[in-house]
Amino acid sequence: MAATSARFAGFLLFFACISTVHGAGKMLVLVDNWAIRETHSLFFKSLRERGFELVFKLADDTGLSLVKYGEYLYEHLVIFAPSVEEFGGSIDVAAITNFIDGGGNVLLAASSAITDPIREIASECGVEFDEEKTSVIDHMNYDIKDLGKHTLIVADPKDLIKAPMIVGSKPLRPLLFRGVGMVADPDNPLVLNVLHASSMAYSFNPNERVNEYPHAVGKNTLLIAALQARNNARVVFAGSLDFFSDEFFTSGVQHAMAGEKHDQCGNQDLALSLSQWVFKEKGVLRVGNVSHALKGETEPPEAYTILEDVEYSIEIDEFKDGKWQPFDAKDVQLDFVRIDSFVRIFLKPKARKFETTFKLPDVYGVFQFRVDYNRIGYTHLFSTTQVSVRPLQHTQYERFIPSAYPYYGSAFSMMIGVFIFSIVYLHFKEDVKDKTE
């Protein structure tokens, strides 16, 4: 009875951990002022409706803390405080970086009033914001409601990253953007260019003459960037705090040059998809049961033998629509690795499993069954199982190898020749002539 209760308690603990990590959780929202709760109420309402517990605090609150007794108090962090000069309490750039290293997810929105702490956080993640008072300017793609600086730009949905898991699968209407630009570190392969500006855009102070080369020009100017760290923590950087505002969510859009008009822009749909991705409501994979055995058997041997046929299967689940479901993909590969890959083969989906059958290489040693699935928008899935592969035993070798038949023939011919020679030599007798005196 006690053992059953312990197992049941362990199951409940596991379920509780899973439920807090994926799909919902406690979220700290840092704001510049309390008015942001009202001006961005639609965005926050969508988070609450999806089960998140929002905790609002001013970014310079002296009681701020992300960690208590060595444990993180929140699973997610939203920073809607672009003009904060210094974070309050125990939160600083290092604390936020450690939060990401610990697996926390961050959504950060900036503006033209950006300050050094926000720029430093982005810099730690491979993204560099432009300086304070600068804006993204596009003289060819701006909204009719622009006040003359051409900073209320109309972003084409075609400039979004080709990753439906991040930006959604349905077609979007043109997007409104007013804020600061950024560039990504070209040496950081983890940074994703979610939305870039048009080829005519640039980032500069709209109140000054352009007398030096801008920080970002053309399609190198990023409006939204994302990062998925090696520990699968996710971060989204948006150069516009207004992008998530009620004003932009409900606003229509009309291209000032082309005249193309829409009753509502696509900001709300994109913000929904981005928030679902960054807070791990979708695009999360996990490995279930992994099995391998000789073909036709169910239990793996202590060691495999070269050239044997092996069956391998792995269960992969995807967190989707609030629950774990079988993952559907046709590009999952298996590598049979010693130092390099000796076998690389696609796994075939079957119900919840991915499976395949292959012949072991004619090489012995310590190998690994390795599944390394890394696709844009999904968490990095990595599974490895170590096995030993031994050479043939002396009783398993072929008795007669066809390629050695000439050598067999030469050996037997030599034996036959010696036999015939012996008979001839032993039975041959020369005539002896009498010696005459």
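Right, let's walk through the structure included here.

**Details of the overall build of the protein**
1) Next: Along its length, the protein carries nine helices and 27 strands.
2) Next: Since a compact globule built from 437 residues should have a radius of gyration of about 22 Å, the 34 Å found for the protein marks it as more spread out than a globular shape.
3) Next: Taken along the three principal axes of its C-alpha coordinates, the protein extends 145 × 70 × 40 Å.
4) Next: For the protein, the residues scored as buried account for 44% of the 437 residues in total.
5) Next: Looking at the protein alone, contacts between residues at least 24 apart form 70% of all its contacts between residues at least 6 apart.

**Looking at the packing of aromatic side chains**
1) Next: Considering all chains together, one arrives at 23 aromatic pairs under this definition.
2) Next: For the ring pair Phe243 and Phe244, a centre distance of 5.4 Å and an interplane angle of 70° mean the geometry is edge-to-face. Across this residue pair, the class does not change: Phe243 and Phe244 are buried.
3) Next: Taken together, the ring pairs connect Tyr304, Tyr312, Phe336, Phe342, Phe358, Phe367 and Phe369 into an aromatic cluster.
4) Next: The ring of Phe56 is capped by Arg37, whose NZ or CZ atom sits 5.7 Å from the centre of that ring.

**A word on the side chain of Arg234**
1) Next: Mapped onto the elements, Arg234 comes out in strand β15 (residues 234-238).
2) Next: Among buried Asp, Glu, Lys and Arg side chains, Arg234 stands out as unpaired, with Glu318 the closest opposite charge at 8.7 Å.
3) Next: There is a polar contact of 2.8 Å between the side chain of Arg234 and the backbone oxygen of Gly283.

**Thoughts on the pattern of salt bridges**
1) Next: What the rule picks out here adds up to 12 salt bridges.
2) Next: Note that Asp317 and Arg286 form a salt bridge whose closest N and O atoms lie 3.3 Å from each other. One end of the pair, Asp317, is in strand β20 (residues 309-320); the other, Arg286, is in strand β18 (residues 284-294), with 31 residues separating them in the sequence.
3) Next: Overlapping salt bridges, with partners in common, bring together Arg286, Glu315, Asp317 and Arg352 in one network.

**Examining the pairing of strand β22 (residues 333-337)**
1) Next: Taken across its five residues, β22 has four buried, putting it largely inside the fold.
2) Next: Pairing of β22 with strand β23 (residues 341-346) involves five bridges; the strand directions are antiparallel. Bridge pairing in β23 places Phe336 opposite Val343.
3) Next: Here β22 folds back onto β23 in antiparallel fashion, the turn holding three residues.
4) Next: In terms of strand pairing, β22 meets strand β26 (residues 365-373) through three bridges, oriented antiparallel. Of the residues in β26, the one forming a bridge with Val337 is Gln368.

**So, the side chain of Asp146**
1) Next: Here Asp146 lies in the loop between β8 (135-137) and β9 (153-155).
2) Next: The side chain of Asp146 sits in the buried core without any salt bridge; Arg178 is the nearest counter-charge, 6.9 Å away.
3) Next: Here the side chain of Asp146 touches Lys149 through a polar contact of 3.2 Å, landing on its backbone nitrogen.

**Overview of the sheet that holds β23**
1) Next: With respect to topology, five strands assemble into an open sheet ordered β19-β27-β26-β22-β23, the strand pairing being mixed. Since the sheet does not close on itself, it has two edges, and those belong to β19 (304-305) and β23, each with one partner.

**Side note on a negative patch on the surface**
1) Next: Among the surface-exposed residues, Glu128, Glu131, Asp185, Asp187, Glu208 and Glu212 lie close enough to one another that they form a single negatively charged patch.
2) Next: Among the residues examined, Asp185 registers a relative accessible area of 35% and is labelled partly exposed.

**Remarks on the environment of His427**
1) Next: Topologically, His427 is positioned in helix α9 (residues 405-427).
2) Next: Note: C-alpha distance between His427 and Val31 (396 residues apart in sequence) is 116 Å.

**Some thoughts on unusual backbone geometry**
Note on backbone geometry: most residues besides glycine have negative phi, and most peptide bonds are trans.
1) Next: Within the chain, Asn232 stands out as a residue other than glycine whose phi angle is a positive 75°.
2) Next: Its location among the elements puts Asn232 in the loop between β14 (222-228) and β15.
3) Next: Note on Asn232: relative accessible area 15%, which makes it buried.
4) Next: At Lys280, a position not held by glycine, the phi torsion is positive, near 60°.
5) Next: Tracing the backbone shows Lys280 in the loop between α8 (267-278) and β18.

**As for α9**
1) Next: For α9, with 23 residues, the first-to-last C-alpha span of 33 Å sits near the 33 Å given by 1.5 Å per residue.
2) Next: Among the 23 residues that make up α9, zero are buried, leaving the element largely open to the surroundings.

Each value, and the rule that gives it
- Residues numbered from 1 in each chain as written.
- Predicted model: local features only at pLDDT ≥ 70, side-chain atom pairs only at ≥ 80, totals over all residues.
- Heavy atoms only, no water.
- Helix = DSSP H or I, 4+ residues; strand = E, 2+ residues; numbered from the N terminus.
- Rg over C-alpha atoms; globule rule 2.2 N^0.38 Å.
- Buried < 20%, exposed > 50% of the residue type's maximum accessible area, 1.4 Å probe, protein only.
- Contact = heavy atoms within 4.5 Å.
- Phe/Tyr/Trp six-rings, centres within 6.5 Å; stacked < 30°, edge-to-face > 60°.
- Lys NZ or Arg CZ within 6 Å of the ring centre and 35° of its normal.
- Lys, Arg positive; Asp, Glu negative; His and termini not counted.
- Salt bridge = Lys/Arg side-chain N within 4 Å of Asp/Glu carboxyl O.
- Polar contact = N/O pair within 3.5 Å; in protein donor to acceptor, adjacent residues only side chain to side chain.
- Pairing = 2+ DSSP bridges.
- Patch = residues over 30% accessible without salt bridge, like charges linked within 9 Å, V, L, I, M, F, W, Y side chains within 5 Å.
- Areas by Shrake-Rupley, 256 points an atom, 1.4 Å probe, with all protein chains shown as cover.
- Charge placed at Lys NZ, Arg CZ, Asp CG, Glu CD.
- Expected span 1.5 Å × (residues − 1).

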